[in-house]
Amino acid sequence: MSLNKLDQAAEAAGIALRFVNARGEKETISDETKEALLAVMEAPAGKAPPVPPVQVFVARARRELAVGGKGEFTWQLTTEQGKSHSGTVQGGEMLTLPPRLTQGYHQLSLRKGRQEWQSRLIIAPRRCYLPEPLAQGEKRWGALVQLYTLRSEQNWGIGDFGDLKRMLEQVAAHGGDFIGLNPLHALYPAQPDLASPYSPASRRWLNILYIDVSQVAAFQQSAAAQRWWKSAKTRKALEKARAVEAVDYAAVAALKLEALRLAWQQYQPQAAEEADYQAFLTAGGDALRYQAAFDGILAERSGQDEQGWGWETWPEGLRSAAQPEVQAWCAQHEEEIGFWSWLQWLAHQQFSDCWQRSQELGMAVGLYRDLAVGVAEHSAETWQDPQLYKLGASVGAPPDPLGPLGQNWGLPPLDPHVLRARGYQPFIDLLRANMRDCGALRIDHVMSLLRLWWIPHGEGADKGAYVSYPVEDLLAVLALESQRMRCMVIGEDLGTVPQEIVKLLRDSGVFSWKVLFFEQEKEGRYRLPDSYPPQSIASASTHDLPTLSGFWQAEDLALGEKLGMYKGSTLQSLQAQRVEQKQALLDALHQAGAMPARSAKQAEKQALTPAFNQAIHRFLALTRSTLLGLQPEDWMGMTTPVNVPGTTDEYPNWRRKWSFTLEEAFADKGVKKLLKTVSEARKA
C-alpha cells in the first residue's frame, strides 16, 4: 500500500502509523496526531525532518561502513587515543575499518573536493558488564529501598546517605550483596513538596536533601551552626520532622538548608579537600554551574512567589540559561552559585563514601541506582538545553483496560534526531553521571530505548503515538559505558513489552525484572522458581505495587475504593481475582517446597504469619534469577504503599516512611531469621 505524503513524513520522523493496543488489537494513528507531532518535531506535514549534519556510525561485530554518494572520497579516522588512519574509498562501496580498532568513540571525516563530513564512529562491545561472581553463577540478594522512607535515630526526618551507609553494613552482615535505590536525581530544594523522584529537575545531579548534615565537617566546625543546632527551637523542629508518619519535605528542607548555609559561611577547606572540590567544579563545567544557577534563581523567585516554581513563570529574560539576563544574574550571584555547587559536591562525596564502604564490605553489586525515564517539563535540564527536549509534547502510555484514558507523565521527550545529531553525547553524559559510584543501574521503562508514547501538548493520552528511538545504537552505547564504568544494567521491562526489544535486551546483557505478582501463566498458575531466567532480578513487589501484606490482605483494593479508583463491578472483579491469585500463590509455594504441604491449603484461611512470610521469601530466594531484591517493608509486615499510581493529591505519594527504624529492623529476631533463610536458599 502506497503511503501519502503525510504518512511518509511521519514514518521518516519515526512516528508509528499504527500500534497494537493492550487488547492485542491494531489501532491506526489519526492524521491530526501525525500533523501535531510533526509540528512538535519542527517537521511540517509532508516534509521529513532535516537530515542531521553529523551521521553516527555504531559498530559491534561489524567492521565495515557503507559510504553513500558517488566518486572517490578521502577518509581520515582519528581514534580516541589520538592515533590516525587514512585512505580512500569509492561512493557506494564499503569502507573497511583499520584492524584491531579499540572500543570507544572515534572521529571519522570524509572529504570530496571542498566538501567535508564529520562523523562519530562508536565501537562497542556486544554485552553490558557483569560482575565476576555473577558471571560465575552466584546468586545474590539485596534490599530495595526508597531512601527518603528510612527512619533512624540519626536522620533529620528523611532517610539520608548516613542511613544508607549504616544500612549497607547491616545488609552485608546478614548476607546481602546490594541496596537498590530510588532515583537520587536532583529535585527542587526551594520547592521541596515537588517530591516525585521520577519527575526530577535533573538526572545528572543529586538530590541535596539526602546529605547527612551532621557528618559535614564545615557544619561541625562552625560555631554559628553549632549554636543553631543546640538551640531549643531547632531541637523541637527536628523532633517534629522525625516523628511524623510522612516525610515533611518543607520542614526537612528548611532545617537542612539553614544548617548548610551556616556551614558554607565558615567553609575553609584544607589543601587536599580544596583540590578535590576544584576538580569537581572543573569536571562539572557549565552543566554544574547552570544547575547551581537554576537552584539559586528558583530559591530567589520562590521567596517572591511561592506558587512560581517553574521557569515559565520567571521573567522572560530568565527563561533560558543562554539568555544574557541569566549571565548577568550569574555574575552578580557568584556566592550563591558557589553554595549550590558545594551542596552537589557534598552529596557526591557522601554517596561515593557509601559506594567505597560497599566495596570494603566485599559486595559484588553494592549499590544500584535508578534512572528515571525523563525530567519534568519546567526542569533545570529543559531550561539549560531546550533544543534537546520537545516541550510541545509529553510522554506517557496509551489507554489500556486498567487506564481507559491512558497516562500522561508530564515529561517532555528527548528528541531522537537531536540525540543522534550530537553523536549521542547527551546519553553518554547521562549514563556516566548515573553509573558513577555504583555497581548497577536500573533503567526505568527500558522500552524507552525503543519507543516512547508522545502526546501533543493539550491533548489526552489517547491522542498520542509511538515515536521510535535508535535502539541498537543506544544499546551499543549502553554496553560500552557499562563496561567502562564496570556497572551492570537492569531494565524495568514490566507492562506491555514489544517483542522486538526483548531479544535485543537479552543479547545486550541487560537484566530483566521479574515481579512475583506478575509471574503468572495463562491459566493463572504462578511460575515456579526454576522457570525464572538467570539474567534477571526477582522481587515480590515494586514501589508502584502493594507490599506483600497489603497484597495478601487486599489493603490495596480497600485503599483504591477509598480513593474512588475502584467502584462497583470493577472492585468486585478485582476482589474475586485477588482470591484466585492468593490461592495460586499458595499452591505454588507448596509445589516448590517453600512451605510444607500439610500447612493450610485454603488461601482465605491462611494468615500472613511470620512463617508464611518466610515461606514466600524462601520461594523467591529459590528462583534462578541471579539477583533478588527484597523490600524491608515486607520483612516488617507493613501494608501501606509508598506510591499509588494514578493519584496526585489523593494520596501522599513519595512520602510514606517506614513504620520502624533502621535500628529496629535489623535487631528484630524475625527479620534475622528471614534473612538467614534467604541467604541459605540463595547459596543453595
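In this report, we go over the structure that sits alongside the text. In this convention, every chain numbers its residues from 1, walking through the sequence in written order. For a predicted model such as this one, the threshold for reporting local features is a pLDDT of at least 70, and the threshold for listing and counting side-chain atom pairs is 80 or more; totals across whole chains, interfaces and linings nevertheless cover every residue. Excluded from the side-chain calculations are hydrogens and water; all other atoms, namely the structure's heavy atoms, are used.

1. Things to note about the overall build of the protein chain
Numbering of helices and strands starts at the N terminus; helices are DSSP runs of H or I of at least 4 residues and strands are runs of E of at least 2. A tally of helices and strands in the protein chain yields 23 helices and 23 strands. Based on C-alpha atoms, the radius of gyration is set beside the globule rule, defined as 2.2 Å times the residue count to the power 0.38. Computed over its C-alpha atoms, the radius of gyration of the protein chain comes to 26 Å, within 12% of the 26 Å expected for a compact globule of 684 residues. Reported as C-alpha extents along the three principal axes, the dimensions of the protein chain are approximately 80 × 65 × 50 Å. By residue count, 55% of the 684 residues in the protein chain fall in the buried class. Residue contacts are defined here by distance: any two heavy atoms, one from each residue, within 4.5 Å place the two residues in contact. Taking as baseline every contact in the protein chain between residues at least 6 positions apart, the subset at least 24 positions apart corresponds to 72%. For the purpose of counting charges, residues Lys and Arg are taken to be positive, whereas Asp and Glu are taken to be negative. His and the chain ends are not included. By convention, the charge on Lys lies at NZ, on Arg at CZ, on Asp at CG and on Glu at CD. Here the protein chain holds 73 positive side-chain charges and 79 negative ones, and the gap between their average locations is 5 Å. Buried means the residue's accessible area, taken with a 1.4 Å probe over protein chains only, is under 20% of the maximum for its type, while exposed means over 50%, and partly exposed covers the values in between.

2. Remarks on the side chain of Ser 358
Mapped onto the elements of the fold, Ser 358 is located in helix H11 (residues 334-360). Polar side-chain contacts of Ser 358 include one of 3.1 Å to the side chain of Gln 359. Within 3.5 Å is the distance limit for a polar contact, defined as a pair of N or O atoms, with the added protein rule that one can donate a hydrogen and the other accept it, and that residues adjacent in sequence qualify only through two side-chain atoms.

3. A word on the sheet that holds strand E22 (residues 536-539)
With parallel pairing, the eight strands of this open sheet are ordered in space as E20-E17-E14-E11-E10-E23-E22-E21. Single-partner strands in this sheet number two, and they are strand E20 (488-491) and strand E21 (512-515). Recorded for the sheet is a direction-independent mean angle of 25 degrees between the axes of neighbouring strands. Pairing geometry for strand E14 (residues 366-371) and strand E17 (residues 440-443), over four bridges, is parallel. Each bridged residue has a counterpart across the sheet, and for Arg 369 the counterpart in E17 is Leu 441. Axes, fitted as lines to C-alpha atoms, cover a helix only where it is in contact. Angles between the N-to-C directions of the axes lie from 0 to 180 degrees. Relative to E14, H11 is tilted by about 135 degrees, and along the sheet it contacts strand E11 (178-181) and E14. Only when DSSP finds a minimum of two bridges between them are two strands counted as paired.

4. A few points about the packing of helix H6 (residues 223-230) against helix H8 (residues 249-265)
Helix packing for two helices is described by the angle between their axes and how far apart those axes are. Closest axis-to-axis distance for the H6/H8 pair is 8 Å, and the angle between their directions is 150 degrees. With respect to their mutual orientation, H6 and H8 come out roughly antiparallel. In contact with Ala 224, Ala 225 and Trp 228 of H6, H8 contributes Leu 255, Glu 258, Ala 259 and Leu 262. Just so you know the grouping, Ala, Val, Leu, Ile, Met, Phe, Trp, Tyr, Cys and Pro go in nonpolar, Asp, Glu, Lys and Arg go in charged, and all remaining residues, Gly too, go in polar. Each residue belonging to the contact of H6 with H8 can be placed in one class, and the counts come to six nonpolar, no polar and one charged. Every angle not falling under 35 degrees, over 145, or within 65 to 115 is termed oblique; those three ranges are roughly parallel, roughly antiparallel and roughly perpendicular.

5. A few points about helix H18 (residues 555-562)
Think of an α-helix as turning once every 3.6 residues; residues three or four places apart then point the same way. Turning to H18, its buried residues are Asp 556, Leu 557, Leu 559 and Gly 560. Each buried residue of H18 sits inside an arc of 160 degrees when the element is viewed along its axis, so together they form one side. In this structure, the buried residues of H18 make contact with helix H17 (548-552) and helix H19 (568-591). Following H18 by one or two positions, Gly 564 has its phi on the positive side, about 80 degrees. Arc, as used here, means the arc of the directions from the helix axis to the C-beta atoms.

6. Points about helix H10 (residues 324-332)
Buried residues of H10: Val 326, Trp 329 and Cys 330, and no others. The buried residues of H10 occupy an angular sector of 100 degrees when the element is viewed end-on, so they sit on one face. With respect to the buried face of H10, the exposed residues turned more than 90 degrees away are Pro 324, Ala 331 and Gln 332. Looking at the buried positions of H10, the neighbouring elements they touch are helix H9 (271-304), H11 and helix H12 (380-384).

7. A closer look at the state of the cysteines
By convention in this document, the label disulfide applies to cysteine sulfur atom pairs within 2.5 Å. Inspection of every chain in the model, using the stated rule, returns zero disulfides. Cys 438 supplies the cysteine sulfur nearest to Cys 354, a cysteine that is in no disulfide, at a spacing of 12 Å. We note that Cys 438 lacks a disulfide partner, and the nearest cysteine sulfur, in Cys 487, lies 4.1 Å from it.

8. So, the sheet that holds strand E15 (residues 393-397)
Pairing in this open sheet of four strands is antiparallel, and the strands run E16-E15-E18-E19 from one edge to the other. Edge strands, defined here as strands with exactly one partner in the open sheet, are strand E16 (407-411) and strand E19 (465-468). Here the strands of the sheet are splayed against their neighbours by 50 degrees on average, with no regard to which way each runs. One ladder, built from four bridges, connects E15 with strand E18 (residues 451-456); its direction is antiparallel. Bridge assignment links Val 395 to a residue of E18, and that residue is Trp 454. Against the sheet, helix H2 (residues 31-40) touches E15, E18 and E19, its axis set at about 100 degrees to E18.

9. Notes on the packing of aromatic side chains
Pairing of aromatic side chains requires ring centres within 6.5 Å, counting the rings of Phe and Tyr and the six-membered ring of Trp. Pairs whose planes differ by under 30 degrees are stacked, by over 60 edge-to-face, and all others tilted. Under the definition given, this model contains 28 aromatic pairs. Ring geometry for Phe 339 versus Trp 340: centroids 5.2 Å apart, planes at 70 degrees, classification edge-to-face. The exposure class assigned to Phe 339 is buried, which follows from its relative accessible area of 1%. Here Trp 340 falls in the buried class, since its relative accessible area comes to 2%. Of the aromatic side chains, those joined through ring pairs into one cluster are Trp 264, Tyr 267, Tyr 277, Phe 339, Trp 340, Trp 342 and Trp 345. Against the face of Phe 351 rests Arg 369, its NZ or CZ located 5.4 Å from the ring centre. The criterion for a charge sitting over a ring is simple: Lys NZ or Arg CZ within 6 Å of the ring centre, and within 35 degrees of the ring normal. The ring centre of Tyr 466 lies 3.7 Å from the NZ or CZ of Arg 451, which sits over that ring.

10. Structural notes on the pattern of salt bridges
Salt bridge, as used here: a side-chain nitrogen of Lys or Arg that lies within 4 Å of a carboxyl oxygen of Asp or Glu. For the structure on display, the rule yields 27 salt bridges. A salt bridge links Glu 116 to Arg 111; the shortest N-O distance between them is 3.6 Å. Residue classification places Glu 116 among the partly exposed residues on the basis of a relative accessible area of 39%. In the salt-bridge network here, residues are joined through shared partners; they are Asp 7, Asp 31 and Lys 34.

11. Observations concerning unusual backbone geometry
Positive phi, normally seen in glycine, also occurs at Tyr 424, with a value near 65 degrees. Tracing the chain through its elements places Tyr 424 in the loop between helix H13 (416-421) and helix H14 (425-435). Among the residues examined, Tyr 424 registers a relative accessible area of 0% and is labelled buried. Although it is not a glycine, Asp 437 adopts a positive phi angle of roughly 60 degrees. You can see Asp 437 is positioned in the loop between H14 and E17. Taking relative accessible area as the criterion, Asp 437 reaches 19% and is therefore assigned buried.

12. So, the side chain of Arg 682
Positionally, Arg 682 belongs in helix H23 (residues 669-683). Here Arg 682 is buried and forms no salt bridge, its nearest opposite-charge partner Asp 177 lying at an N-O distance of 9.6 Å. Those residues in contact with Arg 682 that lie beyond four places of it in its chain are Lys 139, Arg 140, Trp 141, Leu 620, Ala 621, Thr 623, Ser 625, Thr 626, Leu 627 and Leu 628.

13. What about the packing of H18 against H19?
Two elements in contact, H18 and H19, have axes whose closest approach is 10 Å; the angle formed by their N-to-C orientations is 175 degrees. In terms of orientation, H18 lies roughly antiparallel with respect to H19. Residues Asp 556, Leu 557 and Glu 561 of H18 touch H19, and the partners they reach there are Leu 571, Leu 574, Gln 575 and Arg 578. Residue composition of the contact of H18 with H19, by class: three nonpolar, one polar and three charged.

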